[in-house]
Amino acid sequence: MDTSSTSVLLATTDDVLLDDLLRLAAAASITPLVEHDLLGLRRNWHAASLVVVGHDLTEPLARTQPVRRSGVVVAGFADGDDVYRCAFDIGAEAVFRLPTDESALGDKLADALDGGVRTALTLAFVGGCGGAGATTLASAVAVFGNRRGFRTMLIDGDPLGGGIELALGIEHDVGDRWPKLLNASGRVSAAALRSALPSVDGLAVLSWDRSDVTVLPPETMSSVLSAAQRSSDLVVVDLPRRADPAVEEGFVRAGATLLVVPCDVRSVAAANRLVGPLRDVAGDLRVVARDPRVNGLSAADVATHLSLPLATKVGYERDLPAAMDQGRFDPRPRGPLGRAASELLDLFGLYASAAA
C-alpha cells in the first residue's frame, strides 16, 4: 500500500525521541511535518490536525501561553508532575510515555490519518446451503448502499466461492487482493487500505486473486476488518459456511449476520445445522428467506423453523445470473433483489435521505 501524508506535526529538540516518533508515524503510513524548535512549533500550532509535542518543549511552550486547541498530545521519556502540569497548561489531551505507551500513540497517529474514529455498520452474509444466493444479496446491499451515498466496502471472505469480482466485472482491475494482505496484523491504515483496493463507482472491493491461498490468519481478518470499519459507513462481508478462526472473526465483528435460506425443506434442514454454531459467534442473527422457483415454504415458515427473526425475503430474478456471468451486476431498484437490498438498508438505518 502507498503511504499517505496527513496533517500531523511532530515537534521536539530530542533526536532520539524524534526517531521514535518518526518510526511510529511511518508504521501508521503518515509523513508528518517536523519542527525542531519552539519557533517552528508555534508557527505551525494551528496548521496540523494533530500536534505531538515532545516533553522537552512542553515547558517553554507553556510559558508562551498558546491558544487552546484540540488535537494536542505530549510524548517523551520523562515522567513526573512537571510534565503533566505543563501538558495541562498547553491543553494537551494526553501524555504518552515511551516506550510504555507506544501502541496507544500509534493508534492516535493512525486515527489522525483516518480522519478520526468511525464505526461502520457491518453486515455479514452467509448461505444456509450451497447456492442460497448470499453472495448475490451481499453484493446488492453493497451496491445500493454505495448508490445511496454511503462510503461502502464489499469484502469477499470466501476464497472458494465464485468470486465477487467476476460478478462486478473487475477481476482484471488493478488493486490489492487478500493474498497481498496476508501479513497484515495490528493496526492497518484505513485510508491506505481503501485507496489500495479496486473499486466500482466508488464501491471498494476486497476479493481474491488466482493464487492458491485459501486460508486467512484470524489476525489478518481482524486487522483488515477494523481498518474497513474505520474508513466506511457500511461494510458488507460475504462469508463461507465453513468454520475457521478467520471466518469466526468476521462474524464476531459484524453488527448483524444475515443467513440466506431458500424456502424449501431441504435448504431449511441444511441451514438449521448452522444456526447453533452461528449463535455462538454472531451477536445479531437473522434470516433472509429466498423464494424458490417453484412452490415451497413461506418466508414466515422458514423463520419459524429456524427460530430466527425474519429480516426480509428476496424473490428470484430471472435475468440476473446470466448478467453476472458476463460481469454486469446491475440489479434493478424495483426488481426482487433491489427491493430486498433496499429493505435491509432501511432496516439497519441507512436510509437514502440520510446519506451524506
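Keep in mind the model is a prediction, meaning the values are calculated, not measured. (Residues numbered from 1 in each chain as written. Predicted model: local features only at pLDDT ≥ 70, side-chain atom pairs only at ≥ 80, totals over all residues. Heavy atoms only, no water.)

**Q** Explain unusual backbone geometry to me, please; I cannot follow it from the model alone.
**A** The phi angle of most residues is negative, glycine excepted, and most peptide bonds adopt the trans form. Of note, the amide linkage connecting Leu98 to Pro99 takes the cis form, showing an omega dihedral of 5°. For Pro99, the position within the fold is in the loop between strand E5 (94-97) and helix H5 (102-114). Backbone geometry places Ser29, a non-glycine residue, at a positive phi of 60°. Turning to its location among the elements, Ser29 is positioned in the loop between helix H1 (15-27) and strand E2 (30-35). Under the relative-accessibility criterion, Ser29 is labelled buried at 14%. You will see that Asp201, though not glycine, has its phi angle at about 55°, which is positive. Overall, the relative accessible area of 74% leaves Asp201 in the exposed class. (Helix = DSSP H or I, 4+ residues; strand = E, 2+ residues; numbered from the N terminus. Buried < 20%, exposed > 50% of the residue type's maximum accessible area, 1.4 Å probe, protein only.)

**Q** Just to check I follow, could you spell out the nonpolar core for this structure?
**A** Nonpolar side chains in soluble globular proteins generally cluster together in the buried interior. Counting 46 residues, the largest nonpolar core has Ile155, Leu193, Leu259 and Leu306 as the members making the most contacts within it. Top contributing element to this core by residue count: helix H11 (residues 265-281), with six residues. Judged by nonpolar contacts, the second largest core, of 39 residues, contains Cys129, Ala132, Ile170 and Val314. (Core = buried A, V, L, I, M, F, W, Y, C linked by side-chain atoms within 4.5 Å.)

**Q** Can you walk me through the sheet that holds strand E9 (residues 203-206) in this structure?
**A** Strand pairing in a sheet relies on backbone hydrogen bonds. The paired strands run either parallel or antiparallel. Strand order in the open sheet formed by eight strands is E8-E9-E7-E10-E6-E11-E12-E13, and the pairing between neighbours is mixed. One side of each edge strand has no neighbouring strand; the edge strands of this open sheet are strand E8 (199-200) and strand E13 (310-314). Bridge analysis of strand E7 (residues 152-156) against E9 gives three bridges, and the strand direction is parallel. Of the residues in E9, the one forming a bridge with Ile155 is Leu206. Together, strand E6 (121-127), E7, E8, E9, strand E10 (234-238), strand E11 (256-262) and strand E12 (285-290) form the strand contacts of helix H6 (residues 134-147), whose direction differs from that of E10 by roughly 165°. Sitting on the sheet, helix H9 (residues 218-230) is in contact with E6, E7, E9 and E10, with an inclination near 150° to E10. (Pairing = 2+ DSSP bridges. Contact = heavy atoms within 4.5 Å. Axes fitted to C-alpha atoms, helices over the stretch in contact; angles between N-to-C directions.)

**Q** How should I be thinking about helix H10 (residues 245-253) in this particular structure?
**A** Each α-helix winds once per 3.6 residues, and so residues spaced three or four apart point in a common direction. Of all the residues in H10, the buried ones are Ala246, Val247, Gly250 and Phe251. Relative to the axis of H10, the buried residues are bounded by an arc of 145° and lie together on one face. When the buried face of H10 is taken as reference, the exposed residues oriented beyond 90 degrees from it are Pro245 and Val252. The inward-facing, buried residues of H10 contact E6, H9, E11 and H11. The residue sitting at the N-terminus of H10 and contributing the capping side-chain oxygen is Asp244; that oxygen lies 3.0 Å from the backbone nitrogen of Ala246. (Arc of directions from axis to C-beta. Polar contact = N/O pair within 3.5 Å; in protein donor to acceptor, adjacent residues only side chain to side chain.)

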